[in-house]
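# Breakdown of the fold
Given next are the chains, with one letter for each unit.
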Amino acid sequence: MFMSLSASVSRHGCLSKEYICCRVCLWFLVMEEKLKPSVKSEGDGGAARKVRGKHVAFMMVVGLTSILQGTVTKGWTAVLPKMQDDPHSFVKTDDDVAWLVSMTSIVGIFASLATGPLVEWVGPCLVLAIVMGVSTALWLLMVFPPHKVVFFVARAGLAACVYAVSTVSLPLLAEMSPNKVRGAVATLSEIGGSTGVLYGYLVAFLFPWKIATALCTLTAALLFLPMWFVPESPYWLVRRGRLDDAKASLQRLMGSTPEVEEELAAITRRPTATQTSLLQQFTELRKGQNLRPVVLVLSFFVLRELGGRSCIMMYTVYIFRDAGVELDAFTCTVLVGAARLVCTCVTAGILDHVGRRPLLIITAVVAAVSQSVCGLFLFLQLPGASLVPLVAVLVYIAAYGTGVGPIPWVYVGELVPSPVRSLGASIITACDALVVFSINLAFLKLIGYTGLGITFLAFGGLNLVIALIVCIWIPESRGVSLQEMEDAFAKKHSPDDLKEPLANKHSPDDLKEPLANKHSPDDLKEPLANKNDSPDDLKGPIRV
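Residue positions are given per chain, counted from 1 along the sequence in the order it is written. Reporting in this predicted model follows two pLDDT cut-offs: at least 70 for local features of residues, and 80 or more for side-chain atom pairs to be given and counted; totals over whole chains, interfaces and linings ignore these cut-offs and use all residues. Side-chain metrics rest on all non-hydrogen atoms present in the structure, leaving aside hydrogens and water.

### So, the overall build of the protein chain
Put simply, the rule is: Working definition: helices are DSSP H or I runs of at least four residues, strands are E runs of at least two. Numbering for both runs from the N terminus. Type-normalised accessible area, obtained with a 1.4 Å probe on protein chains alone, sets the label of each residue: buried when under 20%, exposed when over 50%, and partly exposed for intermediate values. Any two residues whose heavy atoms approach within 4.5 Å are treated as being in contact. Residue burial considers only the protein chains on display, and all accessible areas are found by Shrake-Rupley using a 1.4 Å probe.
Along the backbone of the protein chain there are 29 helices and two strands. Within the protein chain, buried positions represent 56% of all 544 residues. Within the protein chain, counting contacts between residues at least 6 apart in sequence, those at least 24 apart form 81% of the total. Of the roughly 23,200 Å² of accessible surface on the protein chain, a fraction of 64% belongs to carbon and sulfur atoms.

### Some remarks on the packing of aromatic side chains
This is how the line gets drawn: Two rings from Phe, Tyr or Trp (for Trp, the six-membered ring) form a pair when their centres sit within 6.5 Å of each other. Planes less than 30 degrees apart are called stacked, planes more than 60 degrees apart edge-to-face, and all others tilted. Two conditions define a charge located above a ring, namely a distance within 6 Å from the ring centre to NZ of Lys or CZ of Arg, and an angle within 35 degrees of the ring normal.
Taken as a whole and judged by the stated rule, the model has eight aromatic pairs. For the pair Phe90 and Phe151, a centre-to-centre distance of 6.5 Å together with 50 degrees between the ring planes defines the contact as tilted. Taken together, the residues Phe90 in the loop between helix H5 (80-85) and helix H6 (94-122) and Phe151 in helix H8 (residues 148-176) connect sequence positions 61 residues apart. In this structure, Arg421 is placed above the aromatic ring of Tyr235, and the distance from its NZ or CZ to the ring centre is 5.8 Å.

### So, the side chain of Asn463
Just so we agree on the cut-off: Counting of polar contacts relies on pairs of N or O atoms within 3.5 Å, with two restrictions inside protein: one atom must be capable of donating a hydrogen and the other of accepting it, and residues adjacent in sequence are counted only when both atoms are side-chain atoms.
Relative to the helices and strands, Asn463 resides in helix H24 (residues 452-473). Judged by relative accessible area, which is 0%, Asn463 ranks as buried. From its side chain, Asn463 meets the backbone oxygen of Gly307 in a polar contact 3.2 Å long. Only 3.1 Å separates the side chain of Asn463 from the backbone oxygen of Phe459, close enough to count as a polar contact. Residue contacts for Asn463: discarding those within four places in its chain leaves Gly307, Ala364, Ala367, Ala368, Gln371, Tyr396 and Val404.

### Regarding the nonpolar core
The condition is simple: The term nonpolar core refers to a set of buried residues drawn from Ala, Val, Leu, Ile, Met, Phe, Trp, Tyr and Cys, joined through side-chain atoms within 4.5 Å.
In terms of nonpolar packing, the biggest core is built from 155 residues, with Trp76, Phe151 and Met227 touching the most fellow members. In terms of residue count, H8 provides more of this core than any other element does, 15 residues in total. Those residues in contact with Met227 that sit more than four places away from it in its chain are Val61, Val62, Thr65, Cys125, Leu128, Ala129 and Met132.

### Section: a nonpolar patch on the surface
Test applied: Two joining distances apply to patches: 9 Å for like charges and 5 Å for nonpolar side chains (Val, Leu, Ile, Met, Phe, Trp, Tyr), and every residue must have over 30% relative accessible area and no salt bridge. Salt bridge, as used here: a side-chain nitrogen of Lys or Arg that lies within 4 Å of a carboxyl oxygen of Asp or Glu.
On the surface, Ile130, Val134, Phe224, Leu225, Trp228 and Phe229 cluster together into a nonpolar patch covering about 610 Å² of accessible area. Positionally, Trp228 belongs in the loop between helix H11 (218-227) and helix H12 (234-239). Here Trp228 falls in the partly exposed class, since its relative accessible area comes to 47%.

### Concerning H6
Rules: Here, expected helix span is obtained from the residue count minus one, scaled by 1.5 Å. The quantity called bend is, for any residue, the angle between two axes fitted respectively to the seven residues ending at it and the seven beginning at it.
For H6, spanning 29 residues, the distance from its first C-alpha to its last is 40 Å, which sits close to the expected 42 Å at 1.5 Å a residue. The largest bend in H6 comes to about 40 degrees, at Ser102. Positive backbone phi, at 105 degrees, marks Gly123, one or two positions downstream of H6.

### Some points on the pattern of salt bridges
Throughout the structure, instances matching the rule amount to nine salt bridges. One salt bridge connects Arg242 with Asp245, and the closest N-O pair in it is separated by 2.9 Å. In the salt-bridge network here, residues are joined through shared partners; they are Arg304, Glu305 and Arg309.

### Here's the deal with the side chain of Lys74
Note the cut-off: Only four residue types enter the charge count, namely Lys and Arg as positive and Asp and Glu as negative; His and the chain termini do not.
Structurally, the position occupied by Lys74 is in the loop between helix H4 (66-73) and H5. Glu305 is the oppositely charged side chain nearest to the buried, salt-bridge-free Lys74, at an N-O distance of 6.5 Å. Polar side-chain contacts of Lys74 include one of 3.3 Å to the side chain of Thr73. In this structure, Lys74 is in contact with Gln69, Val197, Tyr201, Arg309, Met313, Met314 and Arg340, ignoring residues within four places of it in sequence.

### Remarks on the packing of helix H3 (residues 53-64) against H4
The cut-off we apply is this: Helix axes are fitted only over the stretch in contact, all axes being lines through C-alpha atoms; the angle between N-to-C directions runs from 0 to 180 degrees. Between 65 and 115 degrees an angle is taken as roughly perpendicular, under 35 as roughly parallel, over 145 as roughly antiparallel, and anywhere else as oblique. Classes in brief: Ala, Val, Leu, Ile, Met, Phe, Trp, Tyr, Cys and Pro nonpolar; Asp, Glu, Lys and Arg charged; the others, Gly included, polar.
As a packed pair, H3 and H4 sit with axes 5 Å apart at the nearest point and diverge in direction by 15 degrees. In terms of axis orientation, H3 runs roughly parallel to H4. Touching Val62, Gly63 and Leu64 of H3 are Ser66, Ile67 and Leu68, all from H4. Tallied by class, residues from the contact of H3 with H4 come to four nonpolar, two polar and no charged.

### Some details on the confidence of the model for the protein chain
If pLDDT is low for a region, its predicted coordinates should not be looked at in detail. What counts here: A residue's pLDDT is the predictor's confidence in that residue, given on a scale from 0 to 100.
On average, residues of the protein chain score 77 in pLDDT, and 78% of them reach the 70 mark or higher. Here residues 1-48 is modelled with pLDDT under 50, and outside its nearest four sequence neighbours on either side it reaches 86 contacts, counting other chains as well.

As structure tokens, then:
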């Protein structure tokens, strides 16, 4: 599909605006169709229960907050070449560009670590609502900066806002969504981020940098009011001891149904359901059952950043120019954004059917192969190398959008245990920001020293490591409740045990003594006592 799109652009020299608009709107149709069917209740009866329209609307509002993240961290950076060409802008040198791209990550380290305690204090939904309002003001400040320092400070403030969104949105979506569609709902965040990237690329492609920056204000302004209507997380309310408010929140999400009481009971029966302090979370994090999933999820974020994710997204124009691609570099950038959005929408439709493990393994391997092929062509300077970078990057972006991008974020909500969910999400996001800052700051100098070919070969090898980690240590979480996932890491499973899906609902005791539950201990001690046998019958030998 993307190869034919690339060929179409080659013939006509530009992208069809109608085509772009259709692609931007595609994910709305995918999510509407995905969440429309009824899902089975997790109660004893297993009766079909529909996801309420209001419930879907609340989850979509939370997921769409990631549009701001995609626009700030990647999409808006496409205006930087235009700002360098404008003698009246504050961006003059390559160092200015490098700092504007990488500073989002260094600010994000501190913002992520601060967000966890802030969420436990005021609540995740309130944090998101405040962030949307602050981001709107900061965008406007970047459009009309009185001084270069103000421009850079506004950019840093936006970085803090988007990392707060990253830390909060995925755990919140996991807590709000039904088990059977949790994978599709969790991809809302990645779809929102992909939409933000494409939106930033488009406005940079179509408008001067000032107008493009002003239009980016809409990514926060349009969600400021809707976030105030989203009910607070029932998990957070339970941790604060506000059980009545937690029940009211569940009723707003699920309606006045018997499942509300069951869900509230499942949340409150957890041993650490009421802990709130940061010190308690650090104490819980020292336990292996909580530390293991946090480290595993963190490894995905570190490896995919070292595998070139942020560099390819943030330096697209510079990469295509350096590789000598014949098409206009801005047109190639829009193609990259469209490819990511379309494939992320595909993931929303198939993730709850295919499963997380196989999809992440396959896409990590495809990403590694595409980057390695691109690196070989550029290093050896084979014939046709001018087109290979575009094709390889589109294949990588397709693999990223289908699995390597959204699934690690899904795991933040699914694998990180509830006792350390806020702290774990903060640590993961902060470490991810540190890696992004380091590699983005050094990327232009890296390719100048080693060459683009060697750099892409290294990217491919690191993406392959992701597939190996999933094969060895990650369990399948499709259709499994958050409580069962916590139990999976709490038990002393071997890696082979963790590979199997947990949805079969069998405990180890059920498998060890499959027949013992059919008889009581008294039945086994006196097998013939209930047969009304006479004493003479019992004198003879008992035949087994």
